[in-house]
Structure formats: structure tokens, C-alpha cells
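So the chains spell out like this:
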Amino acid sequence: MNRTDPLVLGIETSCDETGIGIVRGRTLLSNTIASSMDEHARYGGVVPEVAARAHLEALTPSIEAALVEARVNLRDLDAIAVTSGPGLAGALMVGIGAAKALAVSLGKPLYAVNHLVGHIAADILDPDAPALEYPTVALLVSGGHTSLLLVRDLTSDVELLGETMDDAAGEAFDKVARLLGLPYPGGPEIDRAALVGDHRAIAFPRGLSRASDLAKHRYDFSFSGLKTAVARWTEQREAGGEPVPIADVAASFREAVVDVLVTKALAACADHGVPRLLLGGGVIANRRLREVATMRAEAAGVALRIPPLSLCTDNGAMIAALASELIMAGHEPSTWGFGADSTLPVTEIQVAEEAA
Amino acid sequence: MQPDYPGGVILAIDTSVGTAVAVLEDDGVVLAEGRSQNPLGHAEVIGGLLQDALAAASGSIEARGEQLTHVAAGMGPGPFTGLRVGIAAARAFALGRGIPVVPVVSHDAVALEIFLAGAMTDTEVARFAVVTDARRREFAFTVYEGIDDDGLPVRVTDPGLIPRDELDARLAELGAERRDAAGISAAMVAVIAGRAIAAGRSTAPTEPLYLRSPDVTMPHGPKRVTA
Ligand SMILES: [Zn+2]
């Protein structure tokens, strides 16, 4: 196997995006994504069975499209990579079944990797960014996860500092959007509504930010209380016969989410003496989050990295990139017996590595 | 061996009940077969079963100067999560080799096995229903009667779902004997595929036989949090 510049195809099916990525070493050759988001819109959230069916339909056409874009042949590949978890079990299994069969069919090694660590690896593919330095704090925010990580080494040492205790941040956006009568997905809708709103208009609570909470949950997040606070506030308005100022509610809600995310991420940087923060996950598309993070990171003397959005949302390129790093670091392929692990801990960067 | 048989070496994969793989020569000789009866764990076992089956078969395939020509995929009916693993694997394997996928109704494989067993003992096989578990207190069933000129089982009904406690009454109505299947033979899936190829027919849809819409609850308006 080529261990200096491996050609890797990555398969990602942990949520509602069927992602196929192809990388050579640290160079991105294709990032093909088929999303079933539209099919979930009328349900107001990702429906696992709908997502899994869509993965099966999209998988082989996406692989073919990625190969065409990357101008490579399957037989040229050095390895196949696939997400083992965390994510929706039934969705993950589609990618795993395909990845194993493809690897056997081609006689190529297979690397089963961690989706969250993949989000960090995405940054490596950004051609305009300087090399990733360690250690770094990483904040991953999407519809499926909200995690704060301390990355000492991408392929060998990732520590979970904190995560959400209830809803993921993206989920909170979806739920509050619905509350305000806005369509799914909620992130861009809240962003749009907030455009003309005053983010200081309403003081919504910052979850797990009181001194008593901070002792136990310094780096953990909670958004369900915030969602309830927004609901209560709008209901009281309506009960009083007053109109609900949607722009102000959206802006103030978004500010509460962004404030907690950035505050906790920068606290982690300060506490660990790490002047580097990496953002990842689909919610990074949120304009206000990028704005506040940029401002406050600069004030704190923390270097902020935000990969291009196409690499922030779930994708196969990040899975291929992580496997490529593992291969270059000398790791052996995964053995055949692994499955989907919907709660795979972030410390398991690669799953079922063969004993050397 | 049928003289006009144009098919080649078939890899069959079925995960509609347990997980089963087989490699068959074009003369019907089983070169390799592997299965796991576990109704779960399809994603865990599929890679090892494929790897082992290919390793076992590759010697004879190469000795005869042949190569795999088709991948037969059991399309169900079966519980979705497991069923998809096999179909995804079949498609990806075929893509890797640049060969076609031949979809097969999984119940057809059970039916053929029953007919072949009947032929062995020279017993007439009356109309019967292949019955498999569909979870959620339902069975999946397909009624068969006889074999056609292409050697393929003739379906009297399409695969369907029925509440478990209604099955026997329905089968009595249809005059079909109940034949419960605890597993699907991948070798039989391959034989069905081979006969379909030989006859130039397609016997199954290219998409999975889910027989059930995705389980979703439409959102109602937001719940009130204040009284
Ligand atoms: Zn993600």
C-alpha cells in the first residue's frame, strides 16, 4: 500500500447526506454529496428510515460520480474508508455493507473510522489553510452533534471535553424554527429571520452556564431549556394579544446559542492553554456563529480555523482524509467484523484496527 | 449444464433473514457458501463471509480461466435494516468488478428449494406459501404453484404482508400450504438468477421489496409549554 500519498475513497452515511469523497494524501479530488434533506422537510427533522432508504439509492451512483470527477479508477485506489459511527445505525449500515463489499471486490484494505474525528480531518483538505497545528480545540456543531474536543493528534489522541446533554444545536434551530412557523431546516431560516432582528431584545437563558452548572458541566451544552424558554416567551406574547416579533425572537435565540458555543469553546482554549480553535459541522454555516467566533477568538488571541462549508457539512472527503492520515501514520487496516456504532466514542479514531 | 446457458459465475448475497453468500459455477456447482443465521448483525458479518467465500471459490474459478460475471441480490421481502446491507453490498461489489446486479425475490429462492426437494423425492408439490418474519407482528408471504419452462417458481401472489394471527385463515382461503422459512439459501438465489439470465428475464424489481412505507409521524403543531 502506498503510505506516502494514498489514494482513498471515503463513504459517509451517518445521517442524511450520502457522502463519497476521494483524496490523494492531503489533496481533495472529489467531494460528492447526495442529500435526502428535502425528503425530511415535511417531517421537520431527519427520519432515520427515510435517510437509510435514500442512502441505498444514492450510494453507487455517487461513487460513480466521484470517480468521474476525481478522474481515477477503482483499481487505482489504495484503500476504502467508511464511517463506523457515531450516527444513525440503520443509515451507517448501508455505508458499511457497501464499503466492505467494495473492499473485498477490489481486494483493497478497508479503514473504519470515527465520524466526529472525520470532521476535524476535513480541515486538512483546505488547500488555502496552513498546516493544522496541535494541540487544537475543536467545536463540532451540527443537527446531530454538539461536541467540544481537545485534539493532541488527529490519528492517535482526541479527547472529548464536552457535548450536548440533550438536543444538538442544529436540532434546537430546527425546533425553534418550527415554533416560529418557519420551515425546515431551521438554521438558514432563523438566520434569515434574524437579519432584521435585535439580538439583545430578549434575554434568553444560556444553558449550563451558571456557576453551579459550570462546576460539573464546564464544557457540556444543553439547548432544551432554551427551546422551552422561547416557547414560553412567545406563548405569553400571544396570550397577551400581542404580536410575536419573530425577527427579535430569532436573533435573540440565535445569540443565546452562539454565545454559549463560543464562550465554552474559548474557555476550553484558555483552560488548556491552547491558542487554536477549529470549527466543524453544518451549523458552522450560520453567519452569526462565524462572526462572533471570529471576533471573540481574535480578542482572546486564539487562532480560528473554519474549513470551507462544503467540508464542514457531513461528507465523504473527511472520512477519506482521516483514513489517509491513518495510513500515512502507519496504521493497519480494520478487520472485517466491525459494525455500526451509533454512540462510538471520539477516542476511537479508527475501529477494529488489525494487530500489526 | 444447460447447453444454451449464457450465465457465468455468480456471487449471490441475501440478507433478508440472516446473512447468506454463495458463489456458483455456471453449471450450478456451489463453489463456496457461507451464512450467519443471526437475524441481526448483517453489517458485522457481510465482509468476512464475502472474503471467505471468494477465497474458497477463487482457486476453481481461476483454474477454469473464468471470473465472476454477475452478482445476484436478494431483494426481500425482509426487515429493512438488514435487507439493505446485502443490497448495498451486492451493488458495491458489482461496481467494483464492473459486472451487473441481478435482483431476485428472496422468497423465490425458498420456493425453488422446496420444488427441488420435491423433485428429488418425486413428490408432487401442491400450492404453498413461503412465510418469513417481517417483525411488528407481521409475516411476509408469497404463494407459489409450480415451476415454469425456464425452471423458475411461479408466483400466485406477489410478496405481501399480513398480521401474524390472520395468516392461516388467509392461506386456507388461498388453498396454500404454509412453509415457514428460517433462512434464505444464497445458492438458491444464485440459481434463480442464473435461470433468469438464461431465459433473458428479469424476475424481481431493482429496488428493495420494503412492502411498508417508512415509519414516520407527521409533526403536529408545536406543543404548548405554558398552561
Ligand atoms: Zn457530522
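Residues numbered from 1 in each chain as written. Chains lettered and ligands numbered in written order. Predicted model: local features only at pLDDT ≥ 70, side-chain atom pairs only at ≥ 80, totals over all residues. Heavy atoms only, no water.

### Details of the sheet that holds strand β10 (residues 303-305) of chain A
Residues and elements named next belong to chain A. Where we set the bar: Here, a strand pair is defined by DSSP locating no fewer than two bridges between the strands. By the criteria applied, helices consist of DSSP H or I runs no shorter than four residues and strands consist of E runs no shorter than two, each listed in order from the N terminus. Every axis corresponds to a line fitted to the C-alpha atoms, with the helix fit spanning only the stretch in contact, and the corresponding angles, defined between N-to-C directions, vary from 0 to 180 degrees.
Taken in spatial order, the five strands of this open sheet run β8-β7-β6-β9-β10, and their pairing is mixed. Both outer strands of the open sheet, β8 (157-163) and β10, are each paired with one neighbouring strand and no more. Ignoring strand direction, the axes of neighbouring strands in this sheet form an average angle of 25°. As paired strands, strand β7 (residues 146-153) and β8 are joined by six bridges and run antiparallel to one another. Bridge pairing in β8 links Val151 to Val158.

### Points about the interface of chain B and chain A
Heads up, the condition is: In what follows, a contact means two residues having at least one pair of non-hydrogen atoms within 4.5 Å. Buried area, as used here, totals the accessible surface that two parts lose on assembly, with accessibility defined by a 1.4 Å probe and the loss added over both. Each reported salt bridge corresponds to a side-chain nitrogen of Lys or Arg within 4 Å of a carboxyl oxygen of Asp or Glu. Whenever two N or O atoms come within 3.5 Å, that pair is a polar contact, provided that in protein one can donate a hydrogen and the other can accept it, and provided that, for residues adjacent in sequence, both atoms are side-chain atoms. Residues are sorted three ways: Asp, Glu, Lys and Arg are charged, Ala, Val, Leu, Ile, Met, Phe, Trp, Tyr, Cys and Pro are nonpolar, and all the rest, Gly among them, are polar.
With 38 residues of chain B in contact, the opposing surface of chain A contributes 36 residues. Across the interface of chain B and chain A, roughly 3,200 Å² is buried in total on both sides, 68% from carbon and sulfur atoms. Contact with chain A buries area across many residues of chain B, yet Arg84(B), Leu95(B) and Val225(B) alone supply 19% of it, more than any other trio. The interface formed by chain B and chain A holds one salt bridge in total. Measuring nitrogen to oxygen at the nearest pair gives 2.9 Å for the salt bridge that ties Arg84(B) to Glu49(A). Scanning the region where chain B abuts chain A turns up seven residue pairs in polar contact (both at pLDDT 80 or more). For the side of chain B that touches chain A, the secondary structure elements donating two or more residues are α1 (42-63) and α2 (80-97) of chain B. Looking at the side of chain B that touches chain A, its residues break down into 20 nonpolar, nine polar and nine charged.

### Structural notes on the nonpolar core
Stated precisely, the cut-off is as follows: Working definition of a nonpolar core: buried Ala, Val, Leu, Ile, Met, Phe, Trp, Tyr and Cys residues. They are joined through side-chain atoms within 4.5 Å. Between buried and exposed lies partly exposed: a residue is buried under 20% and exposed over 50% of the maximum accessible area for its type, with that area taken using a 1.4 Å probe on protein chains only.
Within the largest apolar cluster, 64 residues are counted, with the highest numbers of intra-cluster contacts made by Leu9(A), Ile11(A), Ile63(A), Ile80(A), Ile13(B), Val23(B) and Leu68(B). Each residue touching Leu68(B), except ones within four places of it in the same chain, is listed here: Val9(B), Ile10(B), Leu11(B), Val23(B), Leu54(B), Ile61(B), Phe93(B), Arg97(B) and Ile99(B).

### Quick notes on the packing of aromatic side chains
Aromatic ring pairs are reported here in terms of the distance separating the ring centres and the angle at which the planes meet. Quick reminder of the rule: Stacked, tilted and edge-to-face are the three classes assigned to paired rings of Phe, Tyr and Trp, where Trp is represented by its six-membered ring and a pair needs centres within 6.5 Å; plane angles under 30 degrees give stacked, over 60 edge-to-face, the rest tilted. A ring is scored as having a charge over it whenever the NZ atom of a lysine or the CZ atom of an arginine sits within 6 Å of its centre and within 35 degrees of its normal.
Evaluated as defined, the whole model comprises five aromatic pairs over all chains. On the numbers, 5.2 Å between centres and 75° between planes, the contact of Phe173(A) with Phe253(A) is edge-to-face. With a gap of 80 residues between them, Phe173(A) in helix α5 (residues 169-179) and Phe253(A) in helix α9 (residues 246-272) connect regions that are remote in the sequence. For the pair shown, Phe173(A) and Phe253(A) are each scored as buried. Grouping aromatic residues by their ring pairs yields a cluster made of Phe115(B), Phe128(B) and Tyr144(B). We note Arg53(A) situated over the ring of Phe80(B); from NZ or CZ to the ring centre the distance is 4.9 Å. When the ring centre of Phe139(B) is taken as origin, the NZ or CZ atom of Arg164(B), which lies over that ring, is 5.3 Å away.

### Describing the layout of surface pockets
All names here are of chain B. The cut-off we apply is this: Cavities and pockets are found on a 1 Å grid laid over the protein atoms alone: a cavity is a set of points where a 1.4 Å probe fits but cannot escape, a pocket is an open set with protein on both sides within 12 Å along at least five of seven lines, and a lining residue has an atom within 4 Å of such a point. Grid points are joined across faces, edges and corners, and a volume is the space filled by probe spheres set on the points.
For the second largest pocket, the calculated volume is near 360 Å³. Taken together, 19 residues form the lining of the second largest pocket, with Pro79, Phe80, Thr81, Gly82 and Arg135 sitting closest to its centre. When residues of the lining of the second largest pocket are assigned to their parent elements, the largest contribution, three residues, is made by α2. Along the lines of polarity and charge, the residues of the lining of the second largest pocket split into nine nonpolar, four polar and six charged.

### Some details on empty space enclosed by the protein
Residue and element names in this part refer to chain B. Tallying each qualifying case throughout the model produces two cavities of 30 Å³ or more. As a volume, the largest cavity reaches approximately 60 Å³. In terms of lining, the largest cavity is formed by Pro77, Gly78, Pro79, Phe80, Ala134, Ala140, Leu161, Leu209, Tyr210, Leu211 and Arg212. Partitioning the lining of the largest cavity into residue classes produces nine nonpolar, one polar and one charged. Space inside the second largest cavity adds up to approximately 40 Å³. Forming the boundary of the second largest cavity are Asp14, Gly18, Thr19, Ala20, Arg35, Ser36, Gln37, Gly183 and Ile184. At the level of elements, β2 (19-24) and β3 (30-36) are the ones that each hand at least two residues to the lining of the second largest cavity. Looking at the lining of the second largest cavity residue by residue, the class counts come to two nonpolar, five polar and two charged.

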